Amino acid sequence: MKMGFLLFMLLPLASIVYVLWHVYQLLPLPTWGKWLVVVLMAMGFGKLFVGISRRLDEMPMALATIVYEIGTSSLIILLYLFMLFVVLDLGKLFHLVPATFLKNSLWGSVAVFSIILVTFIYGGLHYHHKVRETITLTNGNSQKSEEKTIVMMTDLHLGYHNQRPELHRWVELVNAENPDLILIAGDIIDRSIRPLEEQKMWEEFRQLKAPVVACLGNHEYYAGQPNSLGFYEKAGIRLLRDEVLQMGDLAIVGRDDRTNFKRKAVKALTAGIDSSKYVILLDHQPYHLEDAEQNGVDFQLSGHTHHGQVWPISWITESIYECAFGSHQRGNTRYYVSSGIGIWGGKFRIGTRSEYVVAKLSGADF
């Protein structure tokens, strides 16, 4: 555990040193100008370590928001600067990029700045565009002809960056679907309950025009489980923690997050459910998908992966999970792993998307 934490801290620090050294070499400025830019960038990167600490809750709200936004955004900017300088270094090594392009170079500076600027303008605009994903589900055990609309979301990450105005926009998107039911598969809260309480975000959830059922995610534990539970109650959200909710033809199984090592197994949760019911499992983290298949679950909704948020982290999530994003099937069990309507940290989507899911469930009555 200590070794893993040490690597977690050393890798960003090593990347920061690598990037800042290249920036210093690249800029066609006098020495004092180079140092000024490097120090300002180092201060921005340094806010990352403040942004992931508990010190934010001690700051005024406006300052905490700025520190969080700059700090977490700098992590993604650091990643792309690191990759860009690695490519340029390799280009120099193989004589594809002249050495003068990387030292005291106006054109080199303009090129690097332009590439990063365009990439992150695109990433910001792409994040704010919410994709409406539609799926069709069928209750094969029923002869009824009713069709119900279920809006599904994951990973709202409400907090210092996703604040009440943004939540209001999401509520309007959901209400426009005229849903019969709303399901949220965890991580409503980002890392602190404070912004949600100060902005009374529970009032926005009260504007939703259908019952809301949710399970916990790992970030509800980071935010402090008791505080998270209190917010759910004020928001009118029916929280399922290793519980089954019967709604007409539906049986909604809400599994506690795997952060709780003592949570119940899927087998224990589904035991005793009437086989005529359409069983939906809410499980935040999409590990061991075979559990749902082996225990009669018809549909599982998960999130957590964010599909990596930005490329090439998406490749890493795809190597970790059986399904890191989108629709999946095992036997008679359908799955959807959502990349999330919100996001952790910097508001950029590069090679991934922010989304909400509209499911049309036929043969259901609830």
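Residues numbered from 1 in each chain as written. Predicted model: local features only at pLDDT ≥ 70, side-chain atom pairs only at ≥ 80, totals over all residues. Heavy atoms only, no water.

Asker: I would appreciate a short explanation of the pattern of salt bridges in the present structure.
Answerer: Counted according to the given criterion, the structure contains 15 salt bridges. A salt bridge links Glu 293 to Arg 330, with the shortest nitrogen-to-oxygen separation between them at 2.6 Å. Within this pair, whereas Glu 293 is found in helix α11 (residues 290-294), its partner Arg 330 is found in strand β10 (residues 326-330), the two being separated by 37 residues in sequence. Under the relative-accessibility criterion, Glu 293 is labelled partly exposed at 30%. Taking relative accessible area as the criterion, Arg 330 reaches 23% and is therefore assigned partly exposed. (Salt bridge = Lys/Arg side-chain N within 4 Å of Asp/Glu carboxyl O. Helix = DSSP H or I, 4+ residues; strand = E, 2+ residues; numbered from the N terminus. Buried < 20%, exposed > 50% of the residue type's maximum accessible area, 1.4 Å probe, protein only.)

Asker: It is not clear to me how the layout of surface pockets should be interpreted in this structure. Could you clarify?
Answerer: Remark: the empty space left among the atoms is shown by a probe the size of a water molecule rolled over them. By volume, the second largest pocket is sized at about 370 Å³. Mapped by element, the contributors of at least two residues to the lining of the second largest pocket are α1 (2-26), α2 (31-51), α3 (61-93) and α4 (106-128). The leading source of residues in the lining of the second largest pocket is α4, at five residues. Tallied by class, residues from the lining of the second largest pocket come to 13 nonpolar, three polar and no charged. (1 Å grid on protein atoms, 1.4 Å probe; cavity = no way out; pocket = protein on both sides within 12 Å on 5 of 7 lines; lining within 4 Å. Points joined across faces, edges and corners; volume = space filled by probe spheres on them. Nonpolar A, V, L, I, M, F, W, Y, C, P; charged D, E, K, R; others polar.)

Asker: Any chance you could explain the side chain of Asp 242 here in plain terms?
Answerer: Inspection of the secondary structure puts Asp 242 in the loop between β5 (238-239) and β6 (243-247). Although Asp 242 is buried, it makes no salt bridge; Arg 255 carries the closest opposite charge, 5.1 Å away. Side-chain polar atoms of Asp 242 contact the backbone nitrogen of Asp 256, separated by 3.0 Å. Of the polar contacts made by the side chain of Asp 242, one reaches the backbone nitrogen of Lys 264; its length is 2.8 Å. Each residue touching Asp 242, except ones within four places of it in the same chain, is listed here: Gly 254, Arg 255, Asp 256, Arg 263, Lys 264 and Leu 269. (Lys, Arg positive; Asp, Glu negative; His and termini not counted. Polar contact = N/O pair within 3.5 Å; in protein donor to acceptor, adjacent residues only side chain to side chain. Contact = heavy atoms within 4.5 Å.)

Asker: For this particular structure, what's the right way to read the sheet that holds strand β7 (residues 250-254)?
Answerer: Through backbone hydrogen bonds, the strands of a sheet pair up, either in parallel or in antiparallel fashion. Taken in spatial order, the six strands make up an open sheet running β6-β7-β8-β9-β11-β10, and their pairing is mixed. Each edge of the sheet is formed by a strand with only one pairing partner; in this case those strands are β6 and β10. Direction aside, neighbouring strands of the sheet carry axes that sit 20 degrees apart on average. Pairing of strand β8 (residues 278-282) with strand β9 (residues 299-302) involves three bridges; the strand directions are parallel. The residue bridging Leu 282 from the neighbouring strand is Leu 301, located in β9. (Pairing = 2+ DSSP bridges. Axes fitted to C-alpha atoms, helices over the stretch in contact; angles between N-to-C directions.)

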